[in-house]
Amino acid sequence: NLIGVSLAVLIPVIFYGMTVGKYPFLYFAAATLAFVMSVLTMSRNALIFSTLIYAVCVLIFCFKGKFKKQFRIITAVGIVAVILFAVLFWDKIQTLLSDYFERGFSDNGRFDIWRAAFANFVKSPIFGSGFYSLSVENFYSFGPVPLMAHNTVLELLSAMGLFGLLAYICYAAAICRPIFCRPTLMKTMLALSLATLMAESMLDNFVFNFYPMFYFSAAAAIIFKADSEKCPDTRNSQT
């Protein structure tokens with residue numbers, strides 16, 4: 001799951017490389033490879049959101065950038081090629097991705113964890129029950145990391161109550177402000193990376209994991225830096 005999300009969040013910024021790199025279609029190939037590798041992690045979360053973000057990026061560059069016409073042609077050809085490949089090699093695809101077909105839409109125990117998290121919130125709705133309060137039969141934590149709810153909103157409500165959820169909303173709103181106030185293509189693609197991680201965190205714990213948030217924090221810092229350079233008089237207010 002961690003590898004899947006780590007690859008998925010890179011897709012938008014690799015697409016952005018098409019606008020600044022010397023070899024734009026090499027970036028497109030790299031973004032496509034990141035998407036394929038994300039799917040091959042067998043993470044259903046990665047399958048859903050890497051597919052969605054890849055499609056969004058393709059649509060953006062069909063109408064934005066220097067290579068709109070070429071990109072539309074490549075996209076049309078690619079769709080036809082994927083359909084033909086799926087028809088001709090469906091048996092092999094089923095074997096390769098058998099884990100997806102076997103698990104299907106199974107919640108994999110998430111519903112039990114979500115119910116326990118909500119019960120914690122009901123017991124202590126203002127400040128929550130703490131991060132180590134969640135306990136579900138047959139689910140265990142590893143080392144010092146507590147068992148988590150596999151959903152950002154429910155985890156915050158369980159551990160920190162309404163206070164924690166409000167703090168998270170304020171944090172997210174602060175990041176959104178420079179993205180929407182003075183939008184640029186670079187900030188948009190970085191924002192899509194952040195949105196991918198936050199969306200996947202609604203089915204997992206990535207917002208509370210160490211490694212995914214290294215990238216998240218760096219991308220957010222670049223967005224604020226780019227915004228302050230474009231509008232220097234906002235630096236003090238951002239600080």
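Rules used in this analysis
Residues numbered from 1 in each chain as written. Predicted model: local features only at pLDDT ≥ 70, side-chain atom pairs only at ≥ 80, totals over all residues. Heavy atoms only, no water. Helix = DSSP H or I, 4+ residues; strand = E, 2+ residues; numbered from the N terminus. Buried < 20%, exposed > 50% of the residue type's maximum accessible area, 1.4 Å probe, protein only. Contact = heavy atoms within 4.5 Å. Areas by Shrake-Rupley, 256 points an atom, 1.4 Å probe, with all protein chains shown as cover. Lys, Arg positive; Asp, Glu negative; His and termini not counted. Charge placed at Lys NZ, Arg CZ, Asp CG, Glu CD. Core = buried A, V, L, I, M, F, W, Y, C linked by side-chain atoms within 4.5 Å. Phe/Tyr/Trp six-rings, centres within 6.5 Å; stacked < 30°, edge-to-face > 60°. Patch = residues over 30% accessible without salt bridge, like charges linked within 9 Å, V, L, I, M, F, W, Y side chains within 5 Å. Salt bridge = Lys/Arg side-chain N within 4 Å of Asp/Glu carboxyl O. pLDDT = per-residue confidence, 0-100.

### So, the overall build of the protein
- If you tally the helices and strands in the protein, you get 12 helices and zero strands.
- Here the C-alpha coordinates of the protein stretch approximately 60 × 55 × 25 Å along the principal axes.
- Per-residue burial over the protein gives 39% buried out of 239 residues.
- Counting contacts in the protein only where the partners sit at least 6 residues apart, residues at least 24 apart contribute 69% of the total.
- Here the protein has roughly 13,700 Å² of accessible surface; of this, 72% comes from carbon and sulfur atoms.
- With 18 positive and 12 negative side-chain charges, the protein shows a spacing of 16 Å between the two charge centroids.

### Comments concerning the nonpolar core
- I11, F15, Y54 and F71 are the most contacted members of the largest nonpolar core, which has 22 residues in total.
- Elements represented by at least two residues in this core include exactly helix 2 (10-20), helix 3 (24-39), helix 4 (44-63) and helix 10 (185-200).
- In contact with Y54, other than residues within four places in its own chain, are I11, F15, F28, A31, T32 and F35.

### A few points about the packing of aromatic side chains
- Tallied over the full model, the rule gives 16 aromatic pairs.
- Measuring from ring centre to ring centre gives 4.8 Å for F35 and Y54, while their planes differ by 15°; the resulting arrangement is stacked. Residue F35 is located in helix 3, and its partner Y54 is located in helix 4; the two are separated by 19 residues in the primary sequence.
- Between F131 and F208, the aromatic rings sit 6.1 Å apart at their centres with planes inclined by 65°, giving edge-to-face as the arrangement. Of this pair, F131 sits in the loop between helix 8 (110-123) and helix 9 (152-181) while F208 sits in the loop between helix 10 and helix 11 (210-230), placing them 77 residues apart in sequence.
- Given a relative accessible area of 21%, F208 falls into the partly exposed group.
- Following the ring pairs from residue to residue traces out a cluster consisting of F15, F28, F35, Y54, F61 and F71.

### Some thoughts on a nonpolar patch on the surface
- A surface patch of nonpolar side chains, amounting to about 420 Å² of accessible area, comprises L33, V36, M37, L40 and L96.
- In terms of residue count, helix 3 provides more of the nonpolar patch than any other element does, three residues in total.
- Looking at the element boundaries, V36 is found in helix 3.

### A closer look at the environment of V58
- Within the fold, V58 resides in helix 4.
- Of the residues examined, V58 reaches a relative accessible area of 10% and is grouped as buried.
- Look past the residues within four positions of V58 in its chain and what remains in contact with it is F15, F71 and T75.

### Notes on the confidence of the model for the protein
- Counting all residues, the mean pLDDT for the protein is 89, and 95% of those residues have values of 70 or more.
- Summarising per-element confidence for the protein, the mean pLDDT is lowest in helix 12 (residues 235-238) (46) and highest in helix 10 (95).
- Confidence over residues 233-239 falls short of pLDDT 50; this stretch has nine contacts with residues more than four positions distant or in other chains.

### Here's the deal with the pattern of salt bridges
- This structure, assessed with the given rule, holds six salt bridges.
- The shortest N-O distance in the salt bridge between D112 and R115 comes to 2.6 Å. Of this pair, D112 and R115 both sit in helix 8, separated by three residues, roughly a single helical turn.
- Given the relative accessible area of 52%, R115 is considered exposed.
- Here D227 and K187 are joined by a salt bridge, their closest N and O atoms 3.0 Å apart. Of this pair, D227 sits in helix 11 while K187 sits in helix 10, placing them 40 residues apart in sequence.
- Given the relative accessible area of 1%, K187 is considered buried.
- Where salt bridges share partners, they join R182, K187 and D227 into one cluster.

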